[in-house]
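A look at the structure
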Amino acid sequence: MPETITITDDRTGKTVTVPIEGGVFPSSALRELDPSLYCYDPAYLSTASCKSDITYLDGGAGILRYGGYPIEQLAEKSTYLEVAYLLLNGELPNSEQLSGWVDDVTHHTFIHENMRKRFVDGFHFSAHPMGMFISAVAALGTFYGGSKDVEDPEARNRQILRLIAKAPTIAAMCYRFSVGLPFNLPDNNLSYPANFLNMMWKVGDYEVDPRLERAMEVLFILHADHEQNCGTTAMRIIGSSHADPYSAAAGAAAALYGPLHGGANEAVIRMLTDIGSIENVPAFVESVKAGEGRLMGFGHRVYKNYDPRAVIIKKAAYDVFEVTGKNPLLDVALALEETALSDSYFIDRKLYPNVDFYSGLIYQALNFPKEMFTVLFAIPRMSGWLAHWQEHLNDPAQRISRPRQWYSGPDKRDYVALDNR
Ligand code: CMC
C-alpha cells in the first residue's frame, strides 16, 4: 500500500500527492494546490504543529515515554532531575553528567532578595499562589541581563538552569507568603523534592520523610512533560517570537492554570468534597450525564484509554496514605471511578481517569492546600516547557507561529455616525 495521500482541488482539477510519515502529511501540499488554501482546525484537533523527539504518547494504547523510556520505568527507577536532563538532552546522563547537572541545579536555587521583599510582598494576602507563581516567573527574567539572548546557546542553558532550580523556591515562597509564614531558604544538602518540601513545611524541627520525598519525586517525574498540550503549545508559540524564556514560561504556566488543564486537580478535590459521600455518587454521575457539569479528572484530548500516569499515581496514593493516613475522599473517588467506568456515557466517549483524578488526593494528604495543586504541577512541567522551547528554537522548520483565520465577519461597510446607530 503506498504511504502517500493524494488531494484533488475539484475547483481546478489540480492534484498533489505527498508522503504520509508516522501518520502525518505535510499541509504544505495544500499550498502547492493553491497558496491561499488553508485547513480549518479549531483547537488543533488534526494538526501536528511540530516535529519533536522529546515525548511519545499513544493515547489509544495508554502509552507515555520520555526519550523512548516508558514512564512506568522512569517513575520506578529514576529521579526528577535525571528525567529533566533526559528531556533537555535526549539521553539519560552518565554518572559524571548527572552529578554535574544536580550540582548546577542545586547551586542555582536561591532567588534575589528583592523578589521576596519587594515583589512577592506586594501581593494581596489572599492572592492565589498560582497567580503569584505566574507573575513571579515572568518577573524573575528581569533580574538577568542575558535572558533575552535566546539565540546564544550558552545564555539559553543558563536560563534553563535557573528556571528549573528556582521554580520550587518561587512556589514555596508564594505559599509561605499566602499563609503569613517566614520564607525558608533553600537547603543545598537536600534533594530537589526534599528541598522543596523543606522550604514548604519547615517550622522549627522538620525532617522530610523519605517515603514522602520519593512520592514527591514520582509526582514530579510524571508531570515533567506531556508533549504538545495547551501549556507547552503556549510556551512554543511565545518562544517562537524570541521572547525571553521567563515570559514564555509564565505564559505556559498561565495556560496550565485553567481548570480544563492543570487546574483540574484542584477542581477534582472541590468536586469530591461537594459529593461528600459514596451514597451521593450515583446522583452526581447522573447530573454529569445530564450536562450539569463535568466529571473533573476524567477525559483527555489524547488518551482514549486509562492515562498511564493515573495508574502510577493511584498506587503512589496508597504509599503516601501509609504515612499520612488515608484521605477520606479516597473512597468517594474510588466509587466515582467504578460508577463512571461501568456507565455507557463514559464508556462510549472513552472517558477514563486522567493524571489529575488521584493527584489531588495525594497533595491533600501531604497537607498542600488546594490552591497549591496547580503550582505543584507547574514546578516539574518547567523542564518539559524548556525542552520544547529549546527544541523549537533549534528547529530550522520553525518560524514565528502565526496561524491564519477563516474570516466570518461582515463585508466592507461604511462607518455610521454615533447618532445614526
Ligand atoms: N465529564 C463529562 N463528560 C465529558 C468529560 C468529563 N470530564 N470530558 C469530556 N466529556 C464529554 C463531552 O461532553 C463530549 O460529549 P458529547 O460528545 O456528547 O458532546 C465528549 O465527552 C468529548 O469531549 P470534548 O470536550 O470534545 O473533549 P476534549 O478533547 O475537547 O476535552 C478535556 C478534553 C480534558 C478538556 C475534557 O475531557 C474535560 O473537560 N475533562 C475534565 C477536566 C480535566 O480533567 N482536565 C485535565 C486534563 S489532563 C491534565 C492536563 O491536561 O492538564
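Residues numbered from 1 in each chain as written. Predicted model: local features only at pLDDT ≥ 70, side-chain atom pairs only at ≥ 80, totals over all residues. Heavy atoms only, no water.

Along the chain, Tyr358 turns up in helix 17 (residues 355–365). Using a relative accessible area of 0% as the deciding quantity, one classes Tyr358 as buried. Excluding anything up to four places from it in sequence, Tyr358 contacts Tyr306, Ala310, Ile313, Lys314, Leu330, Ala333, Leu334 and Glu337. (Helix = DSSP H or I, 4+ residues; strand = E, 2+ residues; numbered from the N terminus. Buried < 20%, exposed > 50% of the residue type's maximum accessible area, 1.4 Å probe, protein only. Contact = heavy atoms within 4.5 Å.)

Quick look at the site of the ligand now. The immediate surroundings of the ligand are formed by 20 residues, with His261, Arg294, Leu295, Gly297 and Arg301 found nearest. Interatomic distance of 3.1 Å between a backbone N/O atom of Leu260 and a nitrogen atom of the ligand. Between the ligand and the protein, one listed contact pairs an oxygen atom with a backbone N or O atom of Gly262 at 3.3 Å. Burial of the ligand by the protein amounts to 72% of the accessible area it has alone, namely 930 Å². Here the residues of the shell around the ligand sort into ten nonpolar, six polar and four charged. (Near = heavy atom within 4 Å. Polar contact = N/O pair within 3.5 Å; in protein donor to acceptor, adjacent residues only side chain to side chain. Areas by Shrake-Rupley, 256 points an atom, 1.4 Å probe, with all protein chains shown as cover. Nonpolar A, V, L, I, M, F, W, Y, C, P; charged D, E, K, R; others polar.)

Take unusual backbone geometry next. For Ala43, which is not glycine, the phi dihedral falls at a positive 65°. Checked against the element boundaries, Ala43 lands in the loop between helix 1 (28–33) and strand 3 (55–58). A positive phi angle, close to 85°, is found at Asn367, a residue other than glycine.

Limitation: the analysis is restricted to geometry and does not speak to function.
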